[in-house]
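Next come the chains, spelled out residue by residue.
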Amino acid sequence: MVFFTVFATIDSLTLLLAMTGMVGGSLGTLKAIADLEHDLLNSTEFLSQMRLLLKVEHGFILLNIAACTPFLFNWWMAPPQALFAFFKFVRLLLGWHKIEEKEAFKKNVYLHHRTVHTLSLFFYLISWFIYFARSVTAIMDIHIHGISPYD
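Now for a look at the structure at hand. (Residues numbered from 1 in each chain as written. Predicted model: local features only at pLDDT ≥ 70, side-chain atom pairs only at ≥ 80, totals over all residues. Heavy atoms only, no water.)

This paragraph deals with the overall build of the protein chain. Check the secondary structure of the protein chain and you find four helices and zero strands. In summary, the protein chain has a C-alpha radius of gyration of 19 Å against a globular reference of 15 Å for 151 residues, an excess of more than 25%. For the protein chain, the C-alpha atoms occupy an extent of roughly 65 × 30 × 20 Å along the three principal directions. With 151 residues in all, the protein chain has 38% of them scored as buried. For the protein chain, the proportion of contacts with a sequence separation of at least 24, taken over those separated by at least 6, is 80%. Surface summary for the protein chain: the accessible area is close to 9,100 Å², and the carbon and sulfur share equals 72%. (Helix = DSSP H or I, 4+ residues; strand = E, 2+ residues; numbered from the N terminus. Rg over C-alpha atoms; globule rule 2.2 N^0.38 Å. Buried < 20%, exposed > 50% of the residue type's maximum accessible area, 1.4 Å probe, protein only. Contact = heavy atoms within 4.5 Å. Areas by Shrake-Rupley, 256 points an atom, 1.4 Å probe, with all protein chains shown as cover.)

Written out as structure tokens, the structure reads:
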């Protein structure tokens, strides 16, 4: 019983960390797009920020999937997370995330990417709230029941 309580707490905190990183990556990407739109960044700086933030976001997506995999068929949040990660990685593999330097200032190009990352942020925020509630519940389980070798 102790093992399950500790494992659930570690998993919940890992999921919360992964989702926090995904929210941060998405927010950073949206900020970079807004800075480009308002001429606060040139296209070279914009593309370097986008590359970094997309790597961060995809790294945290992998961490999220690694933490969700043991519960893929047992927890209602795992299949939507896996499906969303699948769509994000298909988009990555097909190159739909790329922006050419000469097209960076075209309104339809950055608006398309802003729409995609806004939808991602919306999904991430909903998931973050659920992961936060799950983490608090796991921590409270330890706090209320304690961890005893006699469980």
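Having seen the model, we can carry on.
Attention now moves to the environment of Ser48. By the secondary structure assignment, Ser48 is in helix α2 (residues 43-68). For Ser48, a relative accessible area of 37% corresponds to the partly exposed category. Taking the C-alpha atoms as reference points, Ser48 and Ala32, separated by 16 residues in sequence, lie 9.9 Å from one another. One polar contact links the side chain of Ser48 to the main-chain carbonyl oxygen of Glu45, over a distance of 2.9 Å. (Polar contact = N/O pair within 3.5 Å; in protein donor to acceptor, adjacent residues only side chain to side chain.)

Think of an α-helix as 3.6 residues a turn; residues three or four steps apart then line up on the same face. For helix α3 (residues 78-93), with 16 residues, the first-to-last C-alpha span of 22 Å sits near the 22 Å given by 1.5 Å per residue. Those residues of α3 that fall on the buried side of the exposure criterion are Ala78, Gln81, Phe84, Ala85, Lys88 and Arg91. Looking down the long axis of α3, one finds its buried residues gathered within 155° of arc, a one-sided arrangement. Looking at α3, the residues exposed on the side facing more than 90 degrees away from the buried face are Phe86 and Leu93. Looking one or two places after α3, you find Gly95, whose phi comes out positive at around 80°. (Expected span 1.5 Å × (residues − 1). Arc of directions from axis to C-beta.)

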